[in-house]
2 protein chains.
Amino acid sequence: MTEFIPPGTQFCALPSPFPMKRGGALHGARIAYETWGTLNGARDNAILIVTGLSPDAHAASNAGNAEPGWWEQMVGPAKPIDSDRWFVICVNSLGSCKGSTGPASINPQTGETYRLDFPELSVEDGADAAAHVVRALGIERLACIIGNSMGGMTALAFMLRNPGLARSHINISGAAQALPFSIAIRSLQREAIRLDPDWNHGKYDDAHYPESGMRMARKLGVITYRSALEWDGRFGRVRLDSDHAGDDPFGLEFEVESYLEGHARRFVRRFDPNCYLYLSRSMDWFDLGEYGREQDGNRNDRAGNPGSGGVRAGLAGIRVERALAIGVQTDILFPLQQQEEIAEGLRAGGAYSEFLPLPSPQGHDAFLVDIARFGPAVAGFLATL
Amino acid sequence: MTEFIPPGTQFCALPSPFPMKRGGALHGARIAYETWGTLNGARDNAILIVTGLSPDAHAASNAGNAEPGWWEQMVGPAKPIDSDRWFVICVNSLGSCKGSTGPASINPQTGETYRLDFPELSVEDGADAAAHVVRALGIERLACIIGNSMGGMTALAFMLRNPGLARSHINISGAAQALPFSIAIRSLQREAIRLDPDWNHGKYDDAHYPESGMRMARKLGVITYRSALEWDGRFGRVRLDSDHAGDDPFGLEFEVESYLEGHARRFVRRFDPNCYLYLSRSMDWFDLGEYGREQDGNRNDRAGNPGSGGVRAGLAGIRVERALAIGVQTDILFPLQQQEEIAEGLRAGGAYSEFLPLPSPQGHDAFLVDIARFGPAVAGFLATL
């Protein structure tokens, strides 16, 4: 219903029609993006960042918007992704509600909000849209494409579908295919939204908004984005002041419950529920193994196990010179073996490829907070380019 | 609202009033139990099983009920918990809805179902009730108390509050205190039930039952009871037949989604929602560290970390001759270090105590399914008695 566009956002029109992988096409669609630094004369110093499910294009403060961004400590002058050297682009994902066209946008063919009339969204559609932005900015070859979480999926699709458009790649807590534990978690998040009577098959408005469903979805997200290890040290069994706890035996009593509540409150009504459903499902569908099977007849075993033929062949079909796959030992959503698989698969395709497991306690979200580990890792890789 | 009592269940009246740890008392309360085998003349061959959140007392088929029980392969003649040698008792937890008194029972003081008028429930109350059953059966000393999951908490409280009542102990996937990840999961399960308009502050009936809240709670439970590793091999990315999938892009598509749906359907309306809330919260509150602090002035650090002073002292305050703590490497709900902590703490209290980590892929629920590993471990320990 509502879009949330940071000030200073720039827009790039997509070709119209813009065909979607699972069928249908968008008309008059656009991608929101922001930039840091300056594209050099050779146009060879550009880095593209593709994001996780929820971030906007405002990765860090810049000329158009002085507010801190979601990766403030990583992007900017003299920061690990150094805008004194690099021309950095961050795109808001296709299907999101932060400026790029998605289910919360107006369908120009009807004049109404798309809602569930938006065509089925694939990670590949987001990759195609990002590739269009890169080319529209006059860039024929990125120095690097960096993808976090869902963005790690987007970056793989981007490279596979646009050979030569990226010279190198950093994959952070990404995956070459969705595995059943993460599918189960996302399925439950979507069910929470869809079970909320105010979701109303996507026809909510601000007065009737699926707030409890979005709260549940966000809390479950936060549980799986962090780690038990971090929470043991951070919250333990500490209780709220009795002022906050109240008499309800099922009310908030432990600090960890209050932490989840705070996260949910900050998210609800800042992200469009239908966009959430579309982006969430796109991750379940993502499977680079499809391309492996197409290319050489390899098939995953029944279980579609990581490392089985299709995924490996799909990764090996990607042409990139250098790659770094970073993962976190405490990540339960995109577990470490998925980043190892990416590093190995890209190496099989001819890349100089490294796998870097980090001992961050913060789980899947570590790249947002453990800058002490992620900063040097990313800066070190970029220094080799 | 509704109790679910298997045929052949026996009952033991609790003292009336039966005082509750957090205040209040029950009147005319009872505990449901079943038995296997025969108590010998010395009355020294009894084994008590205390259960996780949802099981009834029907652990296995017996004279009163030929239906298979929830631990059918573990309990019975010539089985690992061999009823040819042992007199085995399994109690349904106080606060449950499977025959023991709980929020779904009639409050004799009002003639109405307790619902939220049931006093606040602690794991210790369940332990006290189980101890009463043991003594009422004429047993002064159990050969062993076996506790699974929540029952692992109950067994620790049982031994601490009833010194000498158990000679040995097997703790399976239990914990000496609730940690924040498991508190967060349970808090979210309770929130799902409480957000369901049909929960109606506990005043539901069969016609208006919080079915969607219970579905969500159960699905989240199943996700945390099993493991990502098991599901990679079991489900992978296998899809349902297109007959089942339908046109809804957010409907069931992957086998793992259908598996969760099946579990939810089998659970909903077979467990009372208010009982679920009470038992769930009792686990959050459980902290053997309370006793450690009482006993020797030890305090947990702010984070209440496992292994910090209070919990260790609480465990060391338990008097038992032999103990075995079994854990599973893939358990995310009651992680392995919690069973190691139990083994070490009981050893510090003077027990001959062993820690057995098992590589079962099935996570927290492995003891219900990985009988190939759990059977010999339990039988081996019992053979030493």
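Just so it is clear, the structure is predicted and the values come from calculations on it, not from any experiment.

The subject of this paragraph is the overall build of chain A. Tallying secondary structure elements over chain A gives 13 helices and 14 strands in all. Scaling as 2.2 N^0.38, a compact globule of 385 residues should have a C-alpha radius of gyration of about 21 Å, and chain A matches this with 20 Å. When its C-alpha atoms are laid out on the principal axes, chain A stretches across 65 × 50 × 50 Å. Residues classed as buried in chain A amount to 64% of the 385 residues present. If you sum the accessible surface of chain A, you get close to 13,400 Å²; carbon and sulfur atoms cover 48% of it.

Quick look at the environment of B:Asn162 now. All names here are of chain B. Relative to the helices and strands, Asn162 resides in the loop between helix H2 (150-161) and strand S12 (168-172). Using a relative accessible area of 8% as the deciding quantity, one classes Asn162 as buried. Counting along the chain gives 38 residues from Asn162 to Glu124, while the straight-line C-alpha distance between them is 11 Å. Aside from chain neighbours lying at most four places away, what touches Asn162 is Ala131 and Arg135.

All names here are of chain A. What the domain assignment reports for chain A is domain 1 (10-178 + 287-383) and domain 2 (183-282). Once you take the C-alpha centre of each, domain 1 and domain 2 turn out to be 26 Å apart. Contact residues are listed per partner, giving 31 residues for domain 1 and 26 residues for domain 2. Of the roughly 2,300 Å² buried between domain 1 and domain 2 on both sides combined, carbon and sulfur atoms contribute 68%. Linking domain 1 with domain 2 are zero salt bridges. Between domain 1 and domain 2 we count eight residue pairs in polar contact (both at pLDDT 80 or more) in total. Considered class by class, the residues forming the side of domain 1 that touches domain 2 number 17 nonpolar, nine polar and five charged.

The subject of this paragraph is helix H7 (residues 255-267) of chain B. Between its first and last C-alpha, H7(B) extends 19 Å over 13 residues, near the 18 Å set by a 1.5 Å rise per residue. Among all positions in H7(B), only B:Val256, B:Glu257, B:Tyr259, B:Leu260, B:Glu261, B:His263, B:Ala264 and B:Phe267 are buried. Of the surrounding elements, those touching the buried residues of H7(B) are helix H3 (180-195) and helix H8 (273-285) of chain A together with helix H4 (211-225), helix H5 (228-234) and helix H8 (273-285) of chain B. Of the residues one or two after H7(B), B:Arg269 is the one with positive phi, at around 70°.

With that settled, the discussion passes to the nonpolar core. Grouped together as the largest cluster of nonpolar side chains are 188 residues, with contacts concentrated most on A:Leu48, A:Phe158, B:Leu48 and B:Phe158. Ranked by size, the runner-up nonpolar core spans 31 residues in total, among them A:Ile49, A:Trp86, A:Val378 and A:Leu382.

Rules of the game
Residues numbered from 1 in each chain as written. Chains lettered and ligands numbered in written order. Predicted model: local features only at pLDDT ≥ 70, side-chain atom pairs only at ≥ 80, totals over all residues. Heavy atoms only, no water. Helix = DSSP H or I, 4+ residues; strand = E, 2+ residues; numbered from the N terminus. Rg over C-alpha atoms; globule rule 2.2 N^0.38 Å. Buried < 20%, exposed > 50% of the residue type's maximum accessible area, 1.4 Å probe, protein only. Areas by Shrake-Rupley, 256 points an atom, 1.4 Å probe, with all protein chains shown as cover. Contact = heavy atoms within 4.5 Å. Domains from an automatic or database assignment. Buried area = accessible area lost by both parts, 1.4 Å probe. Salt bridge = Lys/Arg side-chain N within 4 Å of Asp/Glu carboxyl O. Polar contact = N/O pair within 3.5 Å; in protein donor to acceptor, adjacent residues only side chain to side chain. Nonpolar A, V, L, I, M, F, W, Y, C, P; charged D, E, K, R; others polar. Expected span 1.5 Å × (residues − 1). Core = buried A, V, L, I, M, F, W, Y, C linked by side-chain atoms within 4.5 Å.

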